[in-house]
Amino acid sequence: MNRTKLTILALAALFVAGITGQALAEGDIIFTEPVMGVIFSHDVHVEENGMDCEECHDDLFEMEALTAQQNDDFTMQSLSEGNYCGACHDGDMAFDSDTRCASCHIGVIGYQKATGTAERSTHH
Amino acid sequence: MKITKSQIEASKNEGTDNISSEERRHFLKMGLAVTGVFAGGTILSAVSTVNKTYACTGDFVEHYPYKPHYSMLINISNCIDCERCKKACAETNDVPSYGFRTTILEREMQHAIGQKREFIPVLCNHCNLPQCTRVCPTKATYKNKENGIVMMDTSKCIGCLSCQMGCPYNARYFHEEKVAVDKCNFCFDTRLSKGKKKTACADACPTGARTFGDMSDPGNFVYQQVHQLEKPVWVLRESAGTKPNVFYTKA
């Protein structure tokens, strides 16, 4: 009886996960400013590429998520000048921030999928 | 006098021997006239000029029928789905939340090398051979004779949605408050006719993914991008044969 219940629960959980689309993975941060939906994955940077915390924190990014997007200079122009992501994404260490836009820009669609919301944008 | 079927079957075939030469001549003339219409007037002439007159990738054109001949070039590589275009469009053109004049499609390829998704902005293609205007029973949707924009006369729309069925680009929705089908008109009433040079979507795009252009001007950026062979330019659903005026490219 217990086993049946568990199976049903497990199936229900799978179903819910299925209809809400891809969930936000642990360590994923989605910036919403200055444009909606830019993903940063700790998993890709730390686990897959073996980067240390110190390589970004606290010089390029503060430990608290999403503080960078409150700055006026959190822009593509600034990235191309070597700030924020642009410190590594310069076409030398990592792919240039001027290329492969939709690698990081998951857009409104991506934001909604990841968070399971229909929210269009967040304005400060 | 009523002639029954059995009477017809029993009657003698008159043959062709007794038809006067005048009657023969009349008959042949009629046939030639009909054939002539098809050969010279409509079918052949339409086929022979279609490649010259209507833009499409691959068969580059010699002239464009409208002045200005509005068009749009979309660079897929630059689209980041920020949807500022959608927002600007909705605010400019009174588009309700349940509908859209332009939207962004997403294509994902999990196992792609490098970038794994791309965004494809779509809107009315303002086709040179639109299906929507052909099937509209009241001419509520029509092609503007000067600039080629596919427009709506909402007062004539009866909401039959034939145009929606006919459109290969899903570019139409039913506007419940207007009680009529609504669609992109390149911001003609809201911006172009008021002297603005760009559509709201192109103006709002932060990455230059959308460029509004004029194919009747060889100096225009869109004209120049479409009329070159180094970089691929294409249209969506070319096989629909509607000769769209919205072109796509990458990088």
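In what follows, the structure referred to is the one given above.
Residues numbered from 1 in each chain as written. Chains lettered and ligands numbered in written order. Predicted model: local features only at pLDDT ≥ 70, side-chain atom pairs only at ≥ 80, totals over all residues. Heavy atoms only, no water.

Draft legend 1. Examining the pattern of salt bridges more closely. Using the criterion set out here, one finds nine salt bridges over all chains in the structure. Residues B:Arg101 and B:Asp182 are paired through a salt bridge, measuring 2.8 Å at the closest nitrogen-oxygen approach. Of this pair, B:Arg101 sits in the loop between helix H4 (84-93) and strand S2 (102-108) while B:Asp182 sits in strand S7 (residues 180-183), placing them 81 residues apart in sequence. The burial state of B:Arg101 is the same as that of B:Asp182; both residues are buried. Taking the shortest distance from any N to any O, the salt bridge between B:Asp203 and B:Arg191 comes out at 3.3 Å. Remark: B:Arg191 occurs in the loop between S7 and helix H7 (200-204) and B:Asp203 occurs in helix H7; sequence separation between them is twelve residues. Beyond isolated ion pairs, a larger network of salt bridges with shared partners links A:Lys113, B:Glu106 and B:Glu108. (Salt bridge = Lys/Arg side-chain N within 4 Å of Asp/Glu carboxyl O. Helix = DSSP H or I, 4+ residues; strand = E, 2+ residues; numbered from the N terminus. Buried < 20%, exposed > 50% of the residue type's maximum accessible area, 1.4 Å probe, protein only.)

Draft legend 2. Seen up close, the nonpolar core. Residue and element names in this part refer to chain B. Ranked by size, the top nonpolar core spans 39 residues in total, and within it Met-72, Leu-123, Phe-186, Phe-212 and Tyr-248 carry the most contacts. The dominant element in this core, judged by the number of residues it contributes, is strand S3 (residues 117-123), at four residues. Excluding its chain neighbours within four sequence positions, the residues that come into contact with Tyr-248 are Leu-73, Ile-74, Ile-76, Ile-120, Pro-121, Val-122, Pro-232, Val-233, Trp-234 and Leu-236. (Core = buried A, V, L, I, M, F, W, Y, C linked by side-chain atoms within 4.5 Å. Contact = heavy atoms within 4.5 Å.)

Draft legend 3. Representation of the interface of chain A and chain B within the structure. Counting residues at the interface gives 17 residues for chain A and 18 residues for chain B. Where chain A abuts chain B, roughly 1,400 Å² becomes buried across the two surfaces, and 50% of that area is made up of carbon and sulfur atoms. The interface formed by chain A and chain B holds two salt bridges in total. The closest approach of N and O atoms between A:Lys113 and B:Glu106, which form a salt bridge, is 2.8 Å. Put simply, the parts of the chain that give the side of chain A that touches chain B at least two residues each are helix H4 (101-104) and helix H5 (107-115) of chain A. Here the side of chain A that touches chain B gets five residues from one element, more than from any other, and that element is H5(A). Classifying every residue of the side of chain A that touches chain B by side-chain character gives eight nonpolar, six polar and three charged. (Buried area = accessible area lost by both parts, 1.4 Å probe. Nonpolar A, V, L, I, M, F, W, Y, C, P; charged D, E, K, R; others polar.)

Draft legend 4. Examining the pairing of strand S6 (residues 172-175) of chain B more closely. All names here are of chain B. Of the pairings in the sheet, the one linking S6 to S7 comprises four bridges and is antiparallel in character. Each residue of the ladder has a partner; that of Tyr-173, found in S7, is Asp-182. Adjacent in sequence and paired antiparallel, S6 and S7 are bridged by four residues, among which Val-179 carries a positive phi angle near 50 degrees. (Pairing = 2+ DSSP bridges.)

All we've got here are geometric facts, nothing functional implied.
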